[in-house]
Amino acid sequence: MKLSRREFVKWMAASTGTAAVAGCAGMGGSSAGRVVVIGGGYGGATAARYIRLWAPDIDVTLVERNDTFVSCPISNLVLGGNTQMGNITMGYDGLKARGVRIVRGEAVAVDASAKQVRLADGSSLAYDRVIVSPGIDFIYDTIPGLKSADARSRVPHAWKAGPETVALRKQLEAMRDGGVFVFHVPMAPYRCPPGPYERVCQVADYLKREKPKSKIIVLDSNPDIMSKKGLFLQSWNGVYKGMIDYRPNSELADVDVKGMTVKLTFDNVKGDVLNVVPPHRAGDIARTTGLITANQRWCGIDWLTCESVGVKGVHVLGDATLSASAMPKSASMANQHGKICAASVIALLKGQPVHPEPVIMNTCYSFVDGRSAMHVTSVHTYDPAQKTLVPVKGAGGLSDKASELEGTYAWGWARNIWGEALG
Ligand SMILES: Cc1cc2nc3c(=O)[nH]c(=O)nc-3n(C[C@H](O)[C@H](O)[C@H](O)COP(=O)(O)OP(=O)(O)OC[C@H]3O[C@@H](n4cnc5c(N)ncnc54)[C@H](O)[C@@H]3O)c2cc1C
């Protein structure tokens, strides 16, 4: 294993020093502990990679159900025909090269007292610490029309990048010029606050280019555009003027898939292509493991260690967590949680103190067409009095307008975070 000078310095800071070098598990020495990570998305892959970078004497096993990583960030550009799936799909070989053992499979339970993760194939993995980063699953209970797999295939959410992204793109390609794209946005909190409005821009960009008589109806459960409002409106009232009908406070009642109608509590809206994103909760494994502690949806954690407030020895990351104040559910944030968690798991396994005041930051880019993007950033620090992460006043910011220069930064951000998680 090769460490750059920067990586080596970081690792030395997080380890016991020369003893850790001598005892490095990756070099055939004895192990300082076994960590199992469930979920190889933004949070889990980052945590797995950083534990190996900072403490190569810890054994890390990553359990992931998919054989490739497909990025949600940038996936809206696939819908707009502005990039292809191949550009957002990556393998896990980089992590393997870092000494992370990759197990392709479904984790079905965590037995916290026996310290074992059970997989769907009946096998088990023993751990000293387990990190759960399963992302989200959807709440369909209140949408009877989307109960069946067939209904869901006809009205995709495409809010987990992958086959549904491809399916929705195909539906848009097959739509007639003059057709109506109806998009329903769930009540916050959902993953990626600006994501729905970026999607509107991407679909508008495609329709303007290829099917200019078409329209977009945005049915938003929320009372207003939830992020970068002024910036999105610059495009909606500018290049896309007349194409987008935005309707706030649009509470979903059901979906009539046969009649291609989104049913609201006060109206029915028919379309040629329907895209309904159901409300979210923490991924299934969090529920079966008893990690959900808030509103039957999210996992409460100690923000110093990412350890569950409900189940000892189990750490939770990313979208599955009960977000701290003003903290978005984003890839940026999941990546930063991954680093807090990696450092604290190393410290806990080695009997060292955890960092008392971590500082993390979020950056979220949105593309308004194939080239131009804009950003929002924020900084969050641990407040020992409130025992949680809080936004740093005056830090962070917002673009004045979307630009092609920021479009290049957005691709740079994406390549960098993919490298951080998987490289
Ligand atoms: C359209 C869209 C655009 C977005 N754009 C941005 C953006 O520009 N910037 C940004 O910062 N964020 C963006 N996001 C948000 C970002 O994708 C999420 O916040 C991020 O993926 C959260 O990381 P995570 O690790 O919590 O979950 P995920 O990245 O979803 O990873 C979870 C992983 O766990 C695996 N898994 C789950 N359960 C199991 C199990 N039981 N066994 C095995 N494997 C399991 C899944 O297969 C998955 O690989 C966007 C999201 C969407 C939908």
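Scroll up for the structure.
Our subject in this report is the structure included herewith. Throughout, a residue's number is its position along its own chain's written sequence, starting from 1. Residue-level local features of this predicted model are given only where pLDDT is at least 70; pairs of side-chain atoms are given and counted only at 80 or more, and the full residue set underlies all totals for whole chains, interfaces and linings. Hydrogens and waters are ignored; side-chain quantities use all the structure's heavy atoms.

**Quick notes on the overall build of the protein chain**
Secondary structure elements follow DSSP: runs of H or I of four or more residues count as helices, runs of E of two or more count as strands, with numbering from the N terminus. A tally of regular secondary structure across the protein chain gives 12 helices and 25 strands. Each radius of gyration reported is based on C-alpha atoms, and the globular scaling rule is 2.2 Å times the count of residues to the power 0.38. Expected size for 423 residues packed as a compact globule is a radius of gyration near 22 Å; at 22 Å, the protein chain falls within 12% of this value. Along the longest, intermediate and shortest principal axes, the C-alpha atoms of the protein chain span 70 × 45 × 45 Å. Only protein chains enter the accessibility calculation, which uses a 1.4 Å probe. A residue is then buried if its area is under 20% of the maximum for its type, exposed if over 50%, and partly exposed in between. Counting all 423 residues of the protein chain, 56% fall into the buried class.

**Considering the packing of helix H8 (residues 195-210) against helix H9 (residues 229-236)**
Note on geometry: axes are C-alpha line fits, over the in-contact stretch for helices, and angles between N-to-C directions span 0 to 180 degrees. Where H8 contacts H9, the axes come no closer than 11 Å and their chain directions differ by 15 degrees. In terms of orientation, H8 lies roughly parallel with respect to H9. Crossing hand, H8 versus H9: left-handed. Seen from H8, the contacting residues are Tyr197, Glu198, Val200 and Cys201; seen from H9, they are Phe232, Ser235 and Trp236. Every angle not falling under 35 degrees, over 145, or within 65 to 115 is termed oblique; those three ranges are roughly parallel, roughly antiparallel and roughly perpendicular. For any pair of crossing helices, the crossing counts as left-handed if the nearer helix is rotated counterclockwise from the farther one by less than a right angle, and right-handed if it is rotated clockwise. Note on contacts: a residue pair is in contact if any heavy atoms of the two residues lie within 4.5 Å.

**Things to note about helix H3 (residues 42-54)**
For a helix, the expected span equals 1.5 Å multiplied by the residue count minus one. Taking 1.5 Å of rise per residue, the 13 residues of H3 would be expected to cover 18 Å, and the 18 Å separating its terminal C-alpha atoms lies within 8% of that figure. The buried fraction of H3 amounts to 13 of the 13 residues, a majority that puts the element mostly inside the structure.

**Things to note about the sheet that holds strand S7 (residues 116-119)**
Paired strands are those between which DSSP finds at least two bridges. Spatially, three strands are ordered S6-S7-S8 in an open sheet, and the strand pairing comes out antiparallel. A strand with exactly one partner marks an edge of an open sheet, and here the two such strands are strand S6 (107-111) and strand S8 (124-126). Taking the axes of each pair of neighbouring strands and ignoring which way they run, one obtains an average angle of 20 degrees across the sheet. Sheet analysis places S6 next to S7, joined by four bridges and oriented antiparallel. Paired with Ala109 across the bridge in S7 is Arg118.

**Section: empty space enclosed by the protein**
As defined here, a cavity is a set of points on a 1 Å grid over the protein atoms alone where a 1.4 Å probe fits but cannot get out. A pocket is an open set with protein on both sides within 12 Å along at least five of seven lines, and residues line them when an atom is within 4 Å of a point. Grid points are joined across faces, edges and corners, and a volume is the space filled by probe spheres set on the points. Under the criterion given, the structure shown has one cavity of 30 Å³ or more. For the largest cavity, the calculated volume is near 40 Å³. Lining the largest cavity, in full, are Gly318, Asp319, Thr321, Ser323, Met327, Pro328, Lys329, Ser330, Met333, Ala334 and His337. When its residues are assigned to classes, the lining of the largest cavity shows four nonpolar, five polar and two charged. Amino acids are sorted into nonpolar (Ala, Val, Leu, Ile, Met, Phe, Trp, Tyr, Cys and Pro), charged (Asp, Glu, Lys and Arg) and polar (every other residue, Gly among them).

**Quick look at the packing of aromatic side chains**
Pairing of aromatic rings covers Phe, Tyr and Trp, the last counted by its six-membered ring, and requires centre-to-centre distances within 6.5 Å; plane angles under 30 degrees mean stacked, over 60 mean edge-to-face, and any other angle means tilted. Counted under the stated rule, the structure contains eight aromatic pairs. Note on Tyr50 and Trp54: the rings are 5.0 Å apart at their centroids and 70 degrees apart in plane angle, and the pair reads as edge-to-face. Of the two residues, Tyr50 and Trp54 both sit in helix H3, four residues apart, roughly one turn of that helix. We note that Tyr50, like Trp54, is buried. Taken together, a centroid distance of 6.3 Å and an interplanar angle of 55 degrees make the contact between Tyr197 and Trp236 tilted. Of this pair, Tyr197 sits in helix H8 while Trp236 is found in helix H9, placing the two residues 39 residues apart along the sequence. Residue classification places Trp236 among the buried residues on the basis of a relative accessible area of 6%. Aromatic ring contacts, followed pair by pair, group Tyr197, Phe232, Trp236 and Tyr246 into a single cluster. A ring is considered to have a charge above it if a Lys NZ or an Arg CZ atom is located within 6 Å of its centre and within 35 degrees of its normal. Over the ring of Tyr206 we find Arg169, and its NZ or CZ is 4.2 Å from the ring centre. Directly above the aromatic system of Trp298 lies the positively charged group of Lys329, at a separation of 3.9 Å from the ring centroid.

**What about the site of the ligand?**
With respect to spatial proximity, 35 residues lie near the ligand, and among them Gly43, Glu64, Ala107, Arg191 and Asp319 are the closest. Polar contacts, as counted here, are pairs of nitrogen or oxygen atoms within 3.5 Å of one another; within protein the pair requires one atom able to donate a hydrogen and one able to accept it, and residues that are adjacent in sequence qualify only if both atoms are side-chain atoms. The separation between an oxygen atom of the ligand and a polar side-chain atom of Asp319 is 2.8 Å. A distance of 2.9 Å separates a nitrogen atom of the ligand from a polar backbone atom of Ala331. To measure how exposed things are, a 1.4 Å probe is used in the Shrake-Rupley method; for residues, cover is taken only from the protein chains shown. Its free accessible area being 990 Å², the ligand has 94% of it covered by the protein chains. When contributions to the shell around the ligand are tallied by element, the ones reaching two or more residues are H3, strand S2 (59-64), helix H4 (75-79), helix H11 (331-349) and strand S22 (359-367). Sort the elements by how many residues they give to the shell around the ligand and H11 lands first, with three residues. For the shell around the ligand, the per-class residue count stands at 15 nonpolar, 13 polar and seven charged. Nearness is judged by heavy atoms alone; a residue qualifies as near a molecule or strand once a single heavy atom is within 4 Å of it.

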